[in-house]
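Residue strings, one per chain:
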Amino acid sequence: MTAPESSTISKRKSRQKDICLEPPEPIETAKNRFNDISLLHHPLPEVDWDKLDTTTTFLGAKIALPIFISCMTGGSDNGFRINRDLARHAQQYGIPVGLGSIRVLFRHEEVFDQFYVKPLAPDVPVWANLGAVQLRELDHNVINEMVKRLEVQAMVIHCNAGQEMFQPGGDLNFVGLYDAIGRLCESSPIPVIVKETGFGMRVADVTRLRQCGAAAVDIAGSGGTNWIQVEAQCHEHRIALRGRDFDLWGNPTPAILAALPRDHLPVLASGGVRTGVDIAKSLALGAELAGMALPFLRAQHERGMDGLAIFTESLIHSFKSAMLLCGCQTIEQLQAAKLILSDSFLSLVRQHAAHGEWRSLL
C-alpha cells in the first residue's frame, strides 16, 4: 500500500468515526423491532440476585456475560487506540471483542502491532475481521498465517454490500463470495463467523452459510447503525439525499432470530441491540450472545475507560434485572423464556420464514 493510499484510507476511516460520534443527521435506523417483543414478567420470580449466573460458552470459550463488543474500528490511528481500550475492557468484563478490519495488514504490515491486542485480552476471545470481498482477492494461506500471528480465536467475515454502494471506489462486484467463504472455512485454523453490517441476514443465508462451513453467523440486522447513512453523510449533499431512501432498509435482527428453524447453527444478535433488556430478548429469541458497536464507541469517546465501565455496568444491571424479573436464574433458562409478540411482529416473522420452518414462540 502506498503512502497516499494509506493516508486516504485513514482519512476515510476517521471521517466515518466522526460521523458516527457526531452525525449531522440520524445514522441509526428508526425501528429495531425489539419494542414488539415482551418477556413475561414474574411478580414472584423465586430468583436470588446474588446467585444469578450470567456465564455461558461460545465456540468452546467460557464467557462471563452473553455480550460481545462487535467489530467496528480500524484503519486510523485513533481507531487503533480505541481497539486497545476495547480489548482491555473486554478482558476486565470477561467478554469477546472484535477488531476493526485487518485488510490494511496485507498491504501495510508495519501497523501489525496496532492490531495485535491479544496481550491486552489474554483470557477472552478476540476476533479478527475481514470483508467477504477480500476473500476473493487474497491468498487464504496468507490470511490464515495472519490470524495465527494475531493469536485470535475466530475470524469474522463481514458482508457490507449496502455500505459499499455509497462509498467512493467501493466494491460493486459480489459474485462468488459464498464459494470464497466456503474455501476459507475449509482451510481456516480457527472458527469462521459471518456477519452482516447493519442490514441483516435472511433465513436462507443462515442455511447456506451453514452448508459453507461457517461456525456461526451474526445477524447484524437493521435497527442500529445504518452504514448507508454514514457513508452518504461523508460525501456531497446529493449522495446524502439518496441515502435517506434507505432509512428503513434491511431485515430486523429480532425478526430473523424468530424466523430461524430450530436446528440452525449458532447465531449472534447485533444490529439495533441497545439495552440490557434487548440482550435478554435476543437470547430468548435464540441468540447465543448479543453484541453492540456504536454504544461502546460512544462511551469510550466520552470518557475513555471510565466511560466504558459506566456504560457496561448499567448494561449488566439492566440485563440481570430482566433475567430476574422473568424468573430466570441462568442463561439456559433465559433462552427458554416465553415471549409475547405483537401481531405485526408475528406477521413479519411469518413472511421471513415463509420458505422454511417457522419457530413457534407462543
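Attention in this report is confined to the structure presented alongside it. Since this is a predicted model, take the numbers as computed values, not measurements.

## Re unusual backbone geometry
And step 1. The phi dihedral of glutamate 46 is positive, around 55°, even though this residue is not glycine.
And step 2. Topologically, glutamate 46 is positioned in the loop between strand 1 (37-39) and strand 2 (56-58).
And step 3. Its identity as a non-glycine residue notwithstanding, leucine 59 has a phi of 50°, on the positive side.
And step 4. Here leucine 59 shows up in the loop between strand 2 and strand 3 (61-63).
And step 5. Look at leucine 59 and you get partly exposed, because its relative accessible area is 37%.

## Some details on the pairing of strand 8 (residues 192-196)
The side chains of a regular strand alternate between the sheet's two faces.
And step 1. Burial of strand 8 is extensive: five of the five residues sit out of reach of the surface.
And step 2. Inspection of the sheet shows strand 7 (residues 154-159) paired to strand 8 by five bridges, in the parallel sense. Residue valine 156 lies in a different strand from strand 8, and its bridge partner there is isoleucine 193.
And step 3. Pairing analysis gives three bridges linking strand 8 to strand 9 (residues 216-218), with the strands arranged parallel. Residue pairing in the sheet places lysine 195 in a bridge with aspartate 218 of strand 9.
And step 4. Taken together, strand 8, helix 8 (residues 203-212) and strand 9 constitute a β-α-β crossover, and its handedness is right-handed.

## Here's the deal with the packing of aromatic side chains
Centre-to-centre distance and the angle between the planes together describe a pair of aromatic rings.
And step 1. A complete count under the given rule lists six aromatic pairs for this structure.
And step 2. Aromatic pair phenylalanine 166 and phenylalanine 246: ring centres 5.6 Å apart, planes at 75°, arrangement edge-to-face. Residue phenylalanine 166 is found in the loop between helix 6 (161-165) and helix 7 (177-187), and its partner phenylalanine 246 is found in the loop between helix 10 (237-243) and helix 11 (253-259); the two are separated by 80 residues along the sequence.
And step 3. By relative accessible area, which is 23% here, phenylalanine 246 ends up partly exposed.
And step 4. Linked through ring pairs, Phe58, Phe68 and Trp127 together constitute an aromatic cluster.

## Points about helix 15 (residues 343-352)
And step 1. Within the span of helix 15, buried status applies to Phe345, Leu346, Leu348, Val349 and His352. The buried residues of helix 15 all sit within an arc of 160° when viewed along its axis, so they share a single face. Looking at helix 15, the residues exposed on the side facing more than 90 degrees away from the buried face are Asp343 and Gln351.
And step 2. Residues of helix 15 that are buried make contact with strand 1, helix 8, helix 11 and strand 12 (339-341).

What counts as what
- Residues numbered from 1 in each chain as written.
- Predicted model: local features only at pLDDT ≥ 70, side-chain atom pairs only at ≥ 80, totals over all residues.
- Heavy atoms only, no water.
- Helix = DSSP H or I, 4+ residues; strand = E, 2+ residues; numbered from the N terminus.
- Buried < 20%, exposed > 50% of the residue type's maximum accessible area, 1.4 Å probe, protein only.
- Pairing = 2+ DSSP bridges.
- Right-handed = clockwise from strand over helix to strand, strands pointing away.
- Phe/Tyr/Trp six-rings, centres within 6.5 Å; stacked < 30°, edge-to-face > 60°.
- Arc of directions from axis to C-beta.
- Contact = heavy atoms within 4.5 Å.

As far as function goes, none of this settles anything; it's purely spatial.
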